[in-house]
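Single-letter residue listing:
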Amino acid sequence: MDFTADSLLSRAAHELSPRADELIHDVEQCLRREVPELWDEPDIAQMTRENVAEHVIALLFGIEHGVEPRRIDQPAADAERARRLAQRGKPVTAMLRAFPLAHGRVLDRLLEVLPRLTTDAESINAATRKLIALSIVYMDRTSETGVLAFQEERDRRVQWRLSVVNEASVRVGTTLDITRTAQELADLAAEHLADAVTVDLLDTSPGEEPPAKGTLVVRRVAQRSVQEGYPETTCPEAICGQSSDPPQQLHRYPHGSPSARALVTGRPSRHYLGPSASMLLVPLCARGTTLGVAQFFRHHKPDAYGDEDLLLAQEIAAGAAVAIDNARRYTHARATALTLQRSLLPHSTPAQSAVDVACRYLPAATELGVGGDWYDVIQLSGARVALVVGDVVGHGIHAAATMGRLRTAVRTLADIDLPPDELLTHLDDVVIRLSAEVSAQTDTESAGDIGATCLYAVYDPVAGCCTLARAGHVLPTVMTRDGTADILELPAGPPLGLGGLPFESAEIDLPEGSLIALYTDGLIEALDHDVEAGLTRLRQALAQSSTSLEATCDTVLETLLPADRPHDDVALLLARTHTLGDSQVATWDVDADPSEVARVRAGASEQLTTWGLEELDFTTELVVSELVTNAIRYGRPPIQLRLIHDRTLMCEVADAGNTTPHLRRARIFDEGGRGLFLVAQLAEHWGTRHARRGKTVWAECAPGTPDLFSDSAAVGVEGLPEVV
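Rules and cut-offs
- Residues numbered from 1 in each chain as written.
- Predicted model: local features only at pLDDT ≥ 70, side-chain atom pairs only at ≥ 80, totals over all residues.
- Heavy atoms only, no water.
- Helix = DSSP H or I, 4+ residues; strand = E, 2+ residues; numbered from the N terminus.
- Buried < 20%, exposed > 50% of the residue type's maximum accessible area, 1.4 Å probe, protein only.
- Contact = heavy atoms within 4.5 Å.
- Areas by Shrake-Rupley, 256 points an atom, 1.4 Å probe, with all protein chains shown as cover.
- Axes fitted to C-alpha atoms, helices over the stretch in contact; angles between N-to-C directions.
- Left-handed = near helix turned anticlockwise from the far one by under 90°.
- Nonpolar A, V, L, I, M, F, W, Y, C, P; charged D, E, K, R; others polar.
- pLDDT = per-residue confidence, 0-100.
- Pairing = 2+ DSSP bridges.
- Core = buried A, V, L, I, M, F, W, Y, C linked by side-chain atoms within 4.5 Å.
- Salt bridge = Lys/Arg side-chain N within 4 Å of Asp/Glu carboxyl O.

J.: Describe in detail the overall build of the protein chain, supporting the description with residues and values.
T.: When helices and strands are tallied, the protein chain shows 19 helices and 21 strands. Burial status across the protein chain gives 50% buried among its 724 residues. Expressed as a percentage of contacts within the protein chain between residues at least 6 apart in sequence, the contacts between residues at least 24 apart total 69%. With an accessible surface of roughly 34200 Å², the protein chain has 51% of that area assigned to carbon and sulfur atoms.

J.: Account for the packing of helix α17 (residues 617–634) against helix α18 (residues 675–682), naming residues and giving values.
T.: Relative orientation of the contacting elements α17 and α18 amounts to 145°, with a least axis distance of 9 Å. In this structure, the crossing between α17 and α18 has a hand that is left-handed. Touching Thr619, Leu622, Val623, Glu626, Leu627 and Asn630 of α17 are Gly675, Leu676, Leu678, Val679 and Leu682, all from α18. When the residues that make up the contact of α17 with α18 are grouped by side-chain class, the tally is seven nonpolar, three polar and one charged.

J.: Can you break down the confidence of the model for the protein chain residue by residue, with the values?
T.: Model confidence for the protein chain is summarised by a mean pLDDT of 82, while 88% of its residues fall at 70 or above. Note that pLDDT drops below 50 for residues 238–243; the model gives that stretch 10 contacts with residues more than four away or on any other chain. In this model, residues 709–724 is a region of pLDDT below 50 whose contacts with residues beyond four sequence positions or in other chains number 16 contacts.

J.: Account for the sheet that holds strand β18 (residues 639–645), naming residues and giving values.
T.: Spatial ordering of the open sheet is given by β17-β18-β19-β21-β20, a layout of five strands whose pairing is antiparallel. On the outer flanks of this sheet lie β17 (585–590) and β20 (685–690), each paired with one strand and no other. In this sheet, adjacent strand axes meet at a mean angle of 15° when their direction is disregarded. Sheet topology places β18 next to strand β19 (residues 649–655); six bridges connect them, and they run antiparallel. Looking at β19, one finds that Ile644 is bridged to Met650. Strands β17, β18 and β19 of the sheet are contacted by helix α16 (residues 596–611), whose axis makes an angle of about 170° with β17.

J.: Requested: an account of the nonpolar core, with residues and values cited.
T.: Grouped together as the largest cluster of nonpolar side chains are 84 residues, with contacts concentrated most on Leu387, Tyr456, Tyr519 and Leu523. Membership of the second largest hydrophobic core comes to 48 residues, among which are Val27, Leu38, Ala82 and Ala98.

J.: Which residues make up the pattern of salt bridges, and what are the values?
T.: What the rule picks out here adds up to 33 salt bridges. Among the salt bridges present, the one from Glu15 reaches Arg11, with a minimum N-O distance of 3.4 Å. With a gap of four residues between them, Glu15 and Arg11 both fall in helix α1 (residues 5–16), about one helical turn apart. Overall, the relative accessible area of 36% leaves Arg11 in the partly exposed class. Its salt-bridge partner being Arg287, residue Asp325 comes within 2.4 Å of it at the nearest N-O pair. One end of the pair, Asp325, is in helix α10 (residues 307–344); the other, Arg287, is in the loop between β5 (277–286) and β6 (289–298), and 38 residues separate them in sequence. Residues joined in a network through salt bridges with shared partners are Glu22, Asp26, Arg105, Arg109 and Glu112.

Okay, structure coming up:
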């Protein structure tokens, strides 16, 4: 029988059609060997099988019925399958290699049939040429359709991935909070990449149970599911057959588990958990350190994770890891600065009768960190007390360290009883020297000028007055017993560290029960109101009735500060004044005559009997004798003796002279020089304070006379009984 090329091909296709399943199987085996990447994932393998079967059947049908190659109906899902390959990250070369291989196998089988249908070599040659041309046209058309669909999907996926990465850079790491940053990562991934996400970080908190040998202890800091809450049936661990761990709970990765390997090796991985479930494990690595593992689960979506999904997860996780590491470093630095700050602040206020105090320190919001605000209460001679509030410019550990230096300097200067304006002058010099030292350092973190403000107040409960001076600090507020709260108008002083400008002090009367509030600018300044509004709210808060000074402190903070942490750190010091009445103070004017010593000594002894302090009679008589004698011999009139009965007995002798007495060791044959030595041994404390005119030498005596004469050699004094 004579065949044309078309009829011969039609007959060959007709002969081969009943055995199409064998041909399809043959093509599959060829592709499995030559293009294994199309078979390494179950769903892609199933799609490839369907694609091979439909193309083989369509090609045989077209050849059998003489359909033009360009008119052979391609499988309806052909373009969609190409898109799925792009979605799964398969290379386009795999598809381009598969087409000619598959067509080659079909051509081989058709060519094997032709000699069985005819022996006419010319007809076989014509049919072969016709078949090759037809196959090339069909393959080109199929390849073109697949490549266009693949590239379109590829471009769309690239744009989508870039948009997700860009969105991640905006949404993840908005704060310096570790937990919130991890939750932002989980929320973003659950929206675009996963049905469920967990974020576990290695637990390095002090005080926690150490990891057992062969296990890794992590803390679940964030998780997110496409469904509300974290029910057991939808929890990622339930899909894997593991137990669920609630947020912020510690759990262990068993040795050799995929999660443990990801932590140890720092390498991401993909895992198939079942027909409709897959998982990505992506270590969170930043600056060469593995911080934890992010786990992405897909169990509602039909597509398993592919290489491009893993790449996208790595990109998102890399940015999140840097943000988490930044938050971790900041948290550590902030905790260190806060610990330093709190250790440098007074843990308790000294016992004294001049004022009742309540104080607070609040660090700034997380973004700013700990600052250099401080407060202090310093006990002074004469039952007086110094109240201090200061603010160092800047935040962080350097500001806290500078605060500690300045607080120490203030206490040292206060110990020598300097007036407030002179104390600030000396403190200004200290800041200038510190700034010069810091500026000379090469460490860029600590380099820079140092600036600070300070308010120093000294309250005298005997006189019922307060002397204040400020260096660029906000004005204090005073509320009297009638409920009137006013801002104290004090002379303006420059901030510390400028140098060359004077400081002035002001003296005000503070009746019994007055409330004075010292604070830093963080209390009254805020983003939603100006300083004047803050001062108004402060006065209103102070005027509210409260059960205690501590409650007043809390009321002030609740009224003026936002619910979350303030935008700047805050120091607040409240002091309610007390006065010492005439029954606690005795005063004698002394003439510059040595015979006056006996009179005032007798008067002091009489006053001690009135106060019930007879056990201090010997000590007080000796101290009074020495101090009054020194004032008569070396000082200038007028001379005054004052005894103050508070928690201890204070003896003060004032004169108009400016000569400061000094303690020295007398030699054996010296006739004088032992008076102050005796005072120093008998008194708890003693010292000298200078006023605008003259000075006051004071000594503080407490019950319990020191046993001076038990061992005179121990104190280096020869023949003390004879001296006395």
